[in-house]
Amino acid sequence: MAEHRTMQRDALLDAARSLLSEGGTEALTFPALAERTGLARSSVYEYFRSRAAVVEELCAVDFPVWAAEVEAAMERVDSPEAKIEAYVRQQLALVGDRRHRAVVAISAGELDAGAREKIRAAHGGLIAMVVQALGELGHEQPRLTAVLLQGVVDAAVRRIELGAEDPSGVTEAAVTMALHGVRP
């Protein structure tokens, strides 16, 4: 029975990822979750008390996996510059991943304070990964620089999501900005 409940919960989370990827937070409704999974709407409420609870669960499940992939990419290289490049490239490489698209949609949506706090904490963990490399490069304010660097990454994510430019071109521009500022 417990295994069946886990499978249903996983199916609901997978449906939530798809809905968020396709239509943002507005698309994440309990009727839509019920329809996608074939469960009764009342069954959805047995697993999650609210949309915010679904969002919090997705953040708890997906963000650590995503962050671990970024961390692994950074650990495969040695120099601070290479770590910063890996930090940018890996995040942008994950843009097509549904888990990532769901987290982006969640971040852009209207959320309750609890969900926003979970996302802030998760982003804080991601930013902490690059603070050390920036410190090694000699930045006087590595935390501030890391937050600004994440802003560049977030802007690049939005450009890729829009589909206006070639993703590899956006990635190269973001890496150049991360490593060299506005110098071409």
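- For the protein chain, the name recorded in an unreviewed UniProt entry is TetR family transcriptional regulator, with Streptomyces bingchenggensis as its organism.

## What about the overall build of the protein chain?
Stage number 1. What the protein chain contains, in helices and strands, is nine helices and zero strands.
Stage number 2. Counting from the amino terminus, helix and strand elements in the protein chain follow one another as α-α-α-α-α-α-α-α-α.
Stage number 3. Taken over 184 residues, the protein chain has a buried fraction of 42%.
Stage number 4. Nonlocal contacts in the protein chain, meaning residues at least 24 apart in sequence, comprise 62% of its contacts between residues at least 6 apart.
Stage number 5. As presented, the protein chain carries roughly 9,800 Å² of accessible surface, and 54% of it is formed by carbon and sulfur atoms.

## Examining the packing of aromatic side chains
Stage number 1. Using the criterion set out here, one finds one aromatic pair in the structure.
Stage number 2. Ring centres of F30 and Y45 lie 4.4 Å apart, and the angle between their planes is 55 degrees; this geometry places the pair in the tilted category. Of this pair, F30 sits in helix α2 (residues 30-37) while Y45 sits in helix α3 (residues 41-47), and the two are 15 residues apart along the sequence.
Stage number 3. Here F30 falls in the buried class, since its relative accessible area comes to 5%.
Stage number 4. On the basis of relative accessible area, Y45 is assigned to the partly exposed category, the value being 47%.

## Section: the pattern of salt bridges
Stage number 1. Throughout the structure, instances matching the rule amount to seven salt bridges.
Stage number 2. Two residues, E57 and R9, come together in a salt bridge whose shortest N-O distance is 3.6 Å. Residue E57 is located in helix α4 (residues 51-75), and its partner R9 is located in helix α1 (residues 2-23); the two are separated by 48 residues in the primary sequence.
Stage number 3. For R17, the salt bridge is made with D14, and the minimal N-O distance between the two is 3.6 Å.

Definitions and cut-offs
Residues numbered from 1 in each chain as written. Predicted model: local features only at pLDDT ≥ 70, side-chain atom pairs only at ≥ 80, totals over all residues. Heavy atoms only, no water. Helix = DSSP H or I, 4+ residues; strand = E, 2+ residues; numbered from the N terminus. Buried < 20%, exposed > 50% of the residue type's maximum accessible area, 1.4 Å probe, protein only. Contact = heavy atoms within 4.5 Å. Areas by Shrake-Rupley, 256 points an atom, 1.4 Å probe, with all protein chains shown as cover. Phe/Tyr/Trp six-rings, centres within 6.5 Å; stacked < 30°, edge-to-face > 60°. Salt bridge = Lys/Arg side-chain N within 4 Å of Asp/Glu carboxyl O.

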